[in-house]
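Residue-level structure breakdown
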Amino acid sequence: MTELIGLLSFGSDGWGDELLEGAFLTLRLALATLPFGLVIGLCVALLKNAESPALQALGNLYTTIFRGLPELLTLFIIYFGGQILLKEMLDVVAPGTTVEVSSFVAGIIALSIVFGAFASEVFLAAIRAVPKGQGEAAAALGLSRWQGFRLVLFPQLFRLALPGLGNLWLVLLKDTALVSVIALDDLLRQTNVAVGVTKEPFFFYLVACLLYLAMSLVSTTCVALLEKRYNRGFAGSR
Amino acid sequence: MALNDMGPPDLKRAERRTRLFMIFLGLVFLATFLTILDWNLLERYGPRFLRGVGVTFKLVLISVGIGSAVALPVALARLSANRLVNNLALGYITFFRGTPLLAQLFLVYYGTGQFREAMEAVNLWWFFRDPFFCAALTFTLNTTAYQAEILRGAIQSVPKGQWEAGHALGLSRAVTFLKVILPQAYIIALRPLGNELILMIKGSAVASVVTVFDIMGTTRLAFSRSFDFQVYLWAAVLYLFIVETIRIAWSFIERRLTRHLRVSRS
C-alpha cells in the first residue's frame, strides 16, 4: 500500500505532479470551452426563438445534429476533418506545406459545439420563462433592443438557466476525457502514461476517477453558490 | 376536433413552416451526402458497418436492459431509512455519475488485467479479457447509476396523498408501492429514461477506444485503412438516424402510455 502511495509522490520518481498537471489541463480545457459554448448556446437559442421559420429550422437542425452525434465522433470529425480542410485550403496558397491541428484547439471547438447544442435548449426554456412584459417594459423605457436584452432580459433568464447550465458543466468536465484519445495530455492520458510505466492500471485509473470526482464535487458546490447568489432577491419565494 | 389541441392558428402554421424548412434542410444535407458518397468504398466497408450497428445495439440493449432491472433496487436503497444501505447506494451513484465513462471503461478493462492470476483462479478471466464484455459491464454499471437516480426522483415526486390513499384502502405498504406508486413513478420517469437510452447509444462510442468494433470502432478501422474522411460522415448519418428513430418511437410510446392523463377529447 505504501508503495502505491509512493507512486503518487511528486518529483521524478512519482506520478503525483504529472497527474495534477493533467488535471490542470483538463480544467483549463473545460474552462476555455465554457465561454464559447455559452455564446453558441445563446445564439442558437435566439435563432430558435426568432420569428422567421427558416432561422428556427436552422437552430433546430443544429441542435438535432449535435445532440444526436456521439461526442467522440464530433471530436474526430473536427480533428481529422479540420486537418484535411486546412490542408486543402493551404494547398491553394502554398502547396506542400503540412499542417497539424492542435488537439487542444480541436477539443475546444468540438466540446463547445456540443455544449452549445445542449445549452441552447436550456437557454430557450429560460427565454420563454421570462414574462413577455419585461421586454415590452424595456422598450417602453426607451431602451434599444440590445440594451433591453443585455440589461433586462439576460440577467433574468440567466438565473433561470443556471441549474441547467450547471448540469451541462458537469457533463462537459467529464467529456474532456475524450480528448485523451486525440493525444492531448489531459488527466486521463497522463494516467495512461503512468500505467504504461508502472503497470499498476487499477490503482492509477482509480486515482484518476477520484480526481475527476473531486473536480465534479467542487463544481457542484460552486454552482450551488452561484445559484444562491442569483436567487438572493427570491429568498422568500423559494 | 376540440379546441384545446389546436392552439392559436398562426402559431400552428409557423410551427408547420419551421418543420417544412427543417425537412428541406435535411434533404439538402442528404443530397450533398449522396453526391460525395463513394459507392466502391461503401461496397467494401458496408457489411462491416452493418455488423458495427449490430454490436452497438447489442452493447446498448444488454447494458440498458440489465441496468433497468438493477436500477430499481438501487433506487430503493437510496430511499431506504437504513443509513448504511443508503450511503452505499449514494457512494455507488456518485462515483459512476461523477467520473467519465471512458475512465470507468479503462478502470474495468485495463484495471482488472492486473489481477489476471486471481481471475484465472476463479475462472473469470475469459470475461475480463474480452473488450466487449468489459464495455458491457462498464456501461451497465454506469447506466444503472443514472437510471437509479431517475427512478429515485420519480418515486419521490409521486404525491404523498397516493401513499395515504393506499393506506386508507387497507393496502399494505408493499402492495401500495407496487400497484399505486411504482406505475405512476415510471410514467414520470419515462422521458428521462428515454434520454438515458439515447445517451447510452452515444456513449457506447467510447467502447471503440478499447478495440470493440461497434459503429465507431468500424469507422476508425475503415478510416485507418482507406484514409477517406467520408467514413466519419457515414457514421454521423448512421448515429443520427438511429438516435432520431428512437427519439420519435419513444415519444410515440410516451404519448400512448400517458393518453389517460391528458384532457379527454370529446
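All of these numbers come straight from a predicted model, not from anything done at the bench. Counting of residues starts from 1 at the beginning of each chain's written sequence and follows it residue by residue. Think of it this way: whatever chain is written first is A, whatever ligand is written first is 1, and the rest follow in order. At least 70 in pLDDT is required for a residue's local features to be given in this predicted model, at least 80 for side-chain atom pairs to be given and counted, and no such filter applies to totals for whole chains, interfaces and linings, which use all residues. Derived side-chain values reflect all non-hydrogen atoms in the structure, with water molecules and hydrogen atoms excluded from consideration.

**Quick notes on the overall build of chain A**
Going by this rule: Here a helix means four or more residues in a row that DSSP labels H or I, a strand means two or more in a row labelled E, and each is numbered from the N terminus. Should any heavy atoms of two residues lie within 4.5 Å, those residues are considered in contact. Here the open area of atoms and residues is found with the Shrake-Rupley method and a 1.4 Å probe, where only the protein chains shown may cover a residue.
Scanning chain A from N- to C-terminus turns up 9 helices and 0 strands. Each helix (α) and strand (β) of chain A, taken in turn from the N terminus, gives the series α-α-α-α-α-α-α-α-α. Reported as C-alpha extents along the three principal axes, the dimensions of chain A are approximately 70 × 60 × 25 Å. Within chain A, residue pairs in contact and separated by at least 24 positions form 73% of the contacts whose partners lie at least 6 positions apart. Accessible surface computed for chain A: about 12,000 Å², of which carbon and sulfur atoms make up 67%.

**Quick look at the nonpolar core**
What tends to happen in soluble globular proteins is that the nonpolar side chains get buried as a cluster. To keep it simple, the criterion reads: We define a nonpolar core as any set of buried Ala, Val, Leu, Ile, Met, Phe, Trp, Tyr and Cys residues linked to one another through side-chain atoms lying within 4.5 Å. Exposure classes here rest on a 1.4 Å probe applied to the protein chains alone. A residue is buried below 20% of its type maximum, exposed above 50%, and partly exposed in between.
Counting 139 residues, the largest nonpolar core has A:Leu73, A:Phe123 and B:Tyr232 as the members making the most contacts within it. Of the residues forming this core, the biggest block, 13 residues, is contributed by helix H2 (residues 39-79) of chain B. Among all residues touching A:Leu73, those that are not within four sequence positions of it are B:Met216, B:Tyr232, B:Ala235, B:Ala236 and B:Tyr239.

**Points about the interface of chain B and chain A**
The test is simple: Buried area counts how much accessible surface, traced with a 1.4 Å probe, disappears from two parts once they are put together, with both parts' losses summed. A carboxyl oxygen of Asp or Glu within 4 Å of a side-chain nitrogen of Lys or Arg is what we treat as a salt bridge. For this analysis, a polar contact is any N or O atom pair within 3.5 Å, provided that within protein one partner can donate a hydrogen and the other can accept it, and provided that sequence-adjacent residues contribute only side-chain to side-chain pairs. Amino acids outside the nonpolar list (Ala, Val, Leu, Ile, Met, Phe, Trp, Tyr, Cys, Pro) and the charged list (Asp, Glu, Lys, Arg) are all regarded as polar, and Gly is one of them.
On the side of chain A, 42 residues touch chain B, which itself brings 40 residues to the contact. Each partner contributes to the roughly 3,600 Å² buried at the junction of chain B and chain A, and carbon and sulfur atoms together form 81% of this total. Counting across the chain B and chain A interface gives 1 salt bridge. Close ionic contact of A:Glu71 with B:Lys202 constitutes a salt bridge, the shortest N to O distance being 3.4 Å. The tally of links from chain B across to chain A stands at 8 residue pairs in polar contact (both at pLDDT 80 or more). The set of elements that each furnish at least two residues to the side of chain B that touches chain A consists of helix H1 (9-36), helix H3 (83-98), helix H4 (101-113), helix H10 (215-226) and helix H11 (230-257) of chain B. The leading source of residues in the side of chain B that touches chain A is H11(B), at 8 residues. Taken together, the residues that form the side of chain B that touches chain A break down as 27 nonpolar, 8 polar and 5 charged.

**Considering the confidence of the model for chain B**
Residues and elements named next belong to chain B. Note the following rule: Known as pLDDT, the predictor's per-residue confidence is scaled from 0 to 100.
For chain B, the average pLDDT comes to 90, and 95% of its residues sit at 70 or higher. H1 is the least confidently modelled element of chain B, averaging 80 in pLDDT, while helix H7 (residues 131-157) averages 96, the highest of any element. Of the regions scoring below 50 in pLDDT, residues 1-6 engages in 5 contacts with residues more than four places distant in sequence or in other chains.

**Digging into the confidence of the model for chain A**
The predicted model of chain A has a mean per-residue pLDDT of 89, with 97% of residues at 70 or higher. Mean pLDDT values over the elements of chain A span from 74, in helix H1 (residues 2-7) of chain A, up to 94, in helix H5 (residues 103-129) of chain A.

**A look at the environment of B:Val64**
All names here are of chain B. Topologically, Val-64 is positioned in helix H2. For the pair Val-64 and Glu-196, spaced 132 residues apart in sequence, the C-alpha separation works out to 8.7 Å. With residues up to four places along the chain from it excluded, the contact list for Val-64 reads Thr-143, Gln-147, Leu-197 and Met-200.

**Notes on the environment of A:Ala183**
All names here are of chain A. Relative to the helices and strands, Ala-183 resides in the loop between helix H7 (145-175) and helix H8 (187-198). Ala-183 gets classed as partly exposed once you look at its relative accessible area, which sits at 43%. Each C-alpha atom of the pair Ala-183 and Ser-103 lies 6.9 Å from the other, and the pair is 80 residues apart in sequence. Residues contacting Ala-183, with those up to four places away along its chain left out, are Ser-103 and Arg-189.

**Regarding the packing of H10(B) against H11(B)**
All names here are of chain B. How we decide: In this analysis an axis means a line fitted to C-alpha atoms, helices contributing only their contacting stretch, and an angle means the value between N-to-C directions, from 0 to 180 degrees. Under this scheme an angle from 65 to 115 degrees is roughly perpendicular, one under 35 degrees roughly parallel, and one over 145 degrees roughly antiparallel; angles in between are oblique. The sense of a crossing depends on the near helix, which, turned anticlockwise from the far helix by less than a right angle, makes the crossing left-handed and, turned clockwise, makes it right-handed.
Running from N to C, H10 and H11 point in directions that differ by 165 degrees, and their axes come no closer than 9 Å. Classified by the interaxial angle, the pair formed by H10 and H11 is roughly antiparallel. Note that H10 runs across H11; the crossing there is right-handed. From H10, Ile-215, Met-216, Thr-219, Arg-220, Ala-222, Phe-223 and Ser-226 reach across to H11, where they touch Val-231, Tyr-232, Ala-235, Leu-238, Tyr-239 and Ile-242.

**A look at the state of the cysteines**
To keep things clear, this is the line we draw: The criterion for a disulfide is a pair of cysteine sulfur atoms lying within 2.5 Å.
Enumeration according to the criterion identifies 0 disulfides over all chains in this entry. The thiol sulfur of A:Cys209 is not disulfide-bonded, and the nearest other cysteine sulfur, from B:Cys134, lies at 14 Å. On the basis of relative accessibility, which here comes to 0%, the residue A:Cys209 falls in the buried class.

**A word on the pattern of salt bridges**
Any two side chains of opposite charge can pair, given that their charged atoms come close. Counted under the stated rule, the structure contains 9 salt bridges over all chains. Linking B:Arg152 and B:Glu149 is a salt bridge whose minimum nitrogen-to-oxygen distance equals 2.8 Å. Here B:Arg152 pairs with B:Glu149, and both are found in helix H7, just 3 residues apart, close to one helical turn. By the burial criterion, B:Arg152 is buried, and B:Glu149 matches it. Because the salt bridges share partners, they merge into one network encompassing A:Lys48, A:Arg67 and A:Glu121.

**So, a positive patch on the surface**
The cut-off we apply is this: Only residues above 30% relative accessible area that lack a salt bridge enter a patch, with like-charged residues linked at up to 9 Å and the nonpolar side chains Val, Leu, Ile, Met, Phe, Trp and Tyr linked at up to 5 Å. Lys and Arg are tallied as positive, Asp and Glu as negative. Neither His nor the chain termini are counted. Lysine's charge is taken at NZ, arginine's at CZ, aspartate's at CG and glutamate's at CD.
Side chains of B:Lys12, B:Arg13, B:Arg16, B:Arg17 and B:Arg19 sit close together on the surface and give a patch of like positive charge. Within the secondary structure, B:Lys12 is located in helix H1.

**Points about a nonpolar patch on the surface**
Residue and element names in this part refer to chain B. Taken together, Leu-20, Ile-23, Leu-27, Leu-30, Leu-34, Trp-39 and Val-237 make up a surface patch of nonpolar side chains, about 710 Å² in accessible area. For the nonpolar patch, the leading source of residues is H1, giving 5 residues. Note on placement: Leu-34 falls in helix H1.

**Brief notes about the packing of helix H6 (residues 132-140) of chain A against H7(A)**
Residues and elements named next belong to chain A. At a minimum axis distance of 10 Å, the contact between H6 and H7 shows a crossing angle of 155 degrees. Judged by the angle between their axes, H6 and H7 are roughly antiparallel. Judged by the twist between their axes, the crossing of H6 over H7 is right-handed. Residues Gln-134, Gly-135 and Ala-138 of H6 touch H7, and the partners they reach there are Gly-148, Val-152, Leu-153 and Gln-156. Grouping the amino acids of the contact of H6 with H7 by side-chain chemistry returns 3 nonpolar, 4 polar and no charged.

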